[in-house]
Amino acid sequence: MKVLLPGGAGYIGSHTCVELINAGHEAVILDNFSNSCAEAVARIEEITGKKIPLYNADACDPEAVEKVFSENKIDAVIHFAGYKAVGESCEKPLMYYRNNLDSALTVLEAMKRHGVSNFIFSSSATVYGTPESVPLVETMPTGSPTNPYGRTKLMLEQILTDAAAADNNLSVVLLRYFNPIGAHESGRIGEDPNGIPNNLMPYITQVAAGRLPRLGVFGNDYPTPDGTGIRDYIHVVDLAKGHVKALDYAAEHKGSEIFNLGTGTGYSVLDIVNAFIKVNKVDIPYDIKPRRAGDIAECFADPAKAEKVLGWKAEKSLEDMCYDSWNWQSKNKNGYKS
Ligand code: WQD
């Protein structure tokens with residue numbers, strides 16, 4: 001299939017692009033590089049040996065999106081475009097609602113005009129809100145995400161479910177990501193956040209690289225075995241392969257379906273720090289800090305549905321995730337700018 005990836009130059013999009021091409025698909029990337037860069041696309045081309053049509057444009061721009069669809073016979077869309085910083089979304093909610101909702105709606109409208117019927121969406125475990133119990137199963141009610149970023153994900157899930165219910169031709173797959181970390185084994189593509197990282201693994205790798213002095217561990221008084229927060233970290237290459245399976249599924253089914261993409265295993269912040277130190281033989285100095293507002297104690301997936309229905313299962317270990325995260329950061333101290 002020829003697959004359009006709005007936001008395809010970003011962290012998850014770039015890894016998914018590689019796995020799509022490995023599986024024999026073709027990719028077209030639409031990206032305005034608001035949190036990514038053209039170098040990432042050059043590196044995807046280097047890894048895959050394939051030239052990727054690239055449109056440097058905003059997915060919210062109807063004319064630019066129309067141009068992509070009229071110049072390429074697109075079969076499916078995997079939609080990554082969107083802002084994703086939780087803290088920033090609280091400071092600039094309108095910017096988040098406008099951008100995240102508009103980009104998806106603009107692409108969906110173009111799909112309808114061009115008779116394209118498969119849409120895979122990057123959702124997030126954040127739609128479960130504060131879980132009443134773990135592991136999280138897709139049938140559990142969605143909660144109230146604690147920030148506007150999370151609410152854009154929940155709203156888009158609702159919009160896409162309505163769109164699929166109203167259009168017999170449309171196939172929508174909602175992928176609820178848990179915590180993606182790691183990088184492609186080549187060390188040529190990886191996570192390259194703007195500014196000081198919000199998320200745990202890029203913070204750790206930047207401490208290891210000497211770009212940041214010490215890690216702050218946000219709280220050690222949670223009701224977990226070591227008191228630090230537990231999450232379901234998933235290798236980004238496993239996550240990328242989940243998109244390829246979701247694409248196959250969308251092509252065979254109509255309506256909408258939801259899948260958790262996680263490993264089913266939770267690790268604490270200190271599990272991650274200690275595994276990183278052990279695997280990579282580098283020191284990560286850290287201080288225990290107060291809890292971060294909006295954080296929950298524990299969050300991990302029940303990934304059984306994705307295994308049963310999509311035939312997908314995460315395969316990489318915590319050690320792989322720590323090794324590959326550092327392999328990328330140590331070879332690219334300043335991300336794509338180095
Ligand atoms: C993981 C754990 C922190 C940084 C968020 C969004 C989610 C998704 C992924 C993004 C927690 C602790 C972190 C640090 C720390 N969206 N931590 N020191 O919060 O599970 O999920 O990112 O695109 O929607 O909510 O991920 O990596 O920020 O935190 O101790 O410097 O690490 O408290 O327990 P989170 P995270």
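Above this text is the structure in question.
Residues numbered from 1 in each chain as written. Predicted model: local features only at pLDDT ≥ 70, side-chain atom pairs only at ≥ 80, totals over all residues. Heavy atoms only, no water.

1. So, unusual backbone geometry
If a residue is not glycine, its phi is most likely negative; likewise, a peptide bond is most likely trans. Pro-135 follows Val-134 through a cis peptide bond whose omega is 0 degrees. By the element assignment, Pro-135 lies in the loop between β5 (118-124) and α6 (148-166). The phi dihedral of Phe-33 is positive, around 55 degrees, even though this residue is not glycine. With respect to the helices and strands, Phe-33 occurs in the loop between β2 (26-31) and α2 (38-48). (Helix = DSSP H or I, 4+ residues; strand = E, 2+ residues; numbered from the N terminus.)

2. Here's the deal with the nonpolar core
Among the nonpolar cores identified, the biggest contains 42 residues, and Leu-5, Cys-17, Val-173 and Leu-175 are the most heavily contacted of them. Looking at this core element by element, the count peaks at eight residues for helix α8 (residues 236-252). If we ignore the near neighbours within four places in the chain, the residues touching Cys-17 are Leu-5, Ala-27, Ile-29, Ile-44 and Ile-52. Ala-59, Phe-121, Leu-170 and Val-172 belong to the second largest nonpolar core, which has 28 residues in total. (Core = buried A, V, L, I, M, F, W, Y, C linked by side-chain atoms within 4.5 Å. Buried < 20%, exposed > 50% of the residue type's maximum accessible area, 1.4 Å probe, protein only. Contact = heavy atoms within 4.5 Å.)

3. Regarding the packing of aromatic side chains
According to the stated counting rule, one finds four aromatic pairs in the structure shown. Residues Phe-276 and Trp-326 carry aromatic rings whose centres are separated by 6.1 Å and whose planes lie at 70 degrees to one another, so their mutual orientation is edge-to-face. Highlighted residues: Phe-276 in helix α9 (residues 269-280) and Trp-326 in helix α11 (residues 318-331), separated in sequence by 50 residues. Classification of Trp-326 as buried rests on a relative accessible area of 13%. Between Trp-328 and Tyr-336 the ring centres are 5.0 Å apart and the planes differ by 55 degrees, which places this aromatic pair in the tilted class. Note on accessibility: Trp-328 and Tyr-336 belong to one class, buried. (Phe/Tyr/Trp six-rings, centres within 6.5 Å; stacked < 30°, edge-to-face > 60°.)

4. Looking at the packing of helix α1 (residues 11-22) against α8
Following both chains from N to C, one finds α1 and α8 inclined at 60 degrees, their axes separated by 8 Å at the closest point. Taken together, the axes of α1 and α8 are oblique relative to one another. The chirality of how α1 crosses α8 is right-handed. Residues Tyr-11, Ile-12, His-15, Thr-16, Glu-19 and Leu-20 of α1 pack against Val-236, Val-237, Leu-239, Ala-240, Lys-241, His-243, Val-244 and Leu-247 of α8. Residue composition of the contact of α1 with α8, by class: nine nonpolar, three polar and two charged. (Axes fitted to C-alpha atoms, helices over the stretch in contact; angles between N-to-C directions. Parallel < 35°, antiparallel > 145°, perpendicular 65-115°, else oblique. Left-handed = near helix turned anticlockwise from the far one by under 90°. Nonpolar A, V, L, I, M, F, W, Y, C, P; charged D, E, K, R; others polar.)

5. What about helix α7 (residues 200-208)?
Of all nine residues that make up α7, nine are buried, and the element is covered over most of its length. Leu-200, Met-201, Pro-202, Tyr-203, Ile-204, Thr-205, Gln-206, Val-207 and Ala-208 are the residues of α7 that are buried. Against the buried residues of α7 lie β7 (179-181), β8 (215-218), β10 (233-235), α9 and α11. Positive backbone phi, at 80 degrees, marks Gly-210, one or two positions downstream of α7.

6. Structural notes on the side chain of Arg-43
With respect to the secondary-structure elements, Arg-43 resides in helix α2. Among the polar contacts listed, one links the side chain of Arg-43 to the side chain of Asn-332, at a separation of 3.0 Å. Not counting residues within four places of it along the chain, the set of residues in contact with Arg-43 comprises Arg-188, Ile-189, Trp-328, Asn-332, Tyr-336 and Ser-338. (Polar contact = N/O pair within 3.5 Å; in protein donor to acceptor, adjacent residues only side chain to side chain.)

7. Observations regarding the pattern of salt bridges
It is possible for side chains bearing opposite charge to pair when their charged atoms get close. Enumeration over the complete set of coordinates arrives at twelve salt bridges. In this structure, the salt-bridge partner of Arg-188 is Glu-46, at a minimum N-O distance of 2.7 Å. Here Arg-188, found in the loop between β7 and α7, pairs with Glu-46, found in helix α2; they are 142 residues apart in sequence, far enough to count as distant. Judged by its relative accessible area of 46%, Glu-46 is partly exposed. A salt bridge links Arg-176 to Glu-157; the nearest nitrogen and oxygen atoms lie 2.7 Å apart. Pair noted here: Arg-176 is in strand β6 (residues 171-177) and Glu-157 is in helix α6, with a separation of 19 residues, a long-range link. One exposure class covers both Arg-176 and Glu-157, and it is buried. (Salt bridge = Lys/Arg side-chain N within 4 Å of Asp/Glu carboxyl O.)

8. Some points on the site of the ligand
Contacts to the ligand come from 20 residues, most closely from Leu-200, Gly-216, Arg-231, Arg-292 and Asp-295. At 3.3 Å, a side-chain N or O of Tyr-149 approaches a nitrogen atom of the ligand. Contact between the ligand and Asn-179: an oxygen atom at 3.0 Å from a side-chain N or O atom of the residue. Taking 690 Å² as the accessible area of the ligand by itself, protein coverage stands at 87%. Counting only elements with at least two residues in the shell around the ligand, the list comes to α7 and β8. Per element, the largest residue contribution to the shell around the ligand is four residues, and it comes from β8. A class-by-class count of the residues in the shell around the ligand yields nine nonpolar, seven polar and four charged. (Near = heavy atom within 4 Å. Areas by Shrake-Rupley, 256 points an atom, 1.4 Å probe, with all protein chains shown as cover.)

9. Observations regarding the environment of Glu-88
Looking at the element boundaries, Glu-88 is found in helix α4 (residues 86-91). Between the alpha carbons of Glu-88 and Asn-147 there is a distance of 9.6 Å; along the sequence they are 59 residues apart. Aside from chain neighbours lying at most four places away, what touches Glu-88 is Met-95 and Tyr-96.

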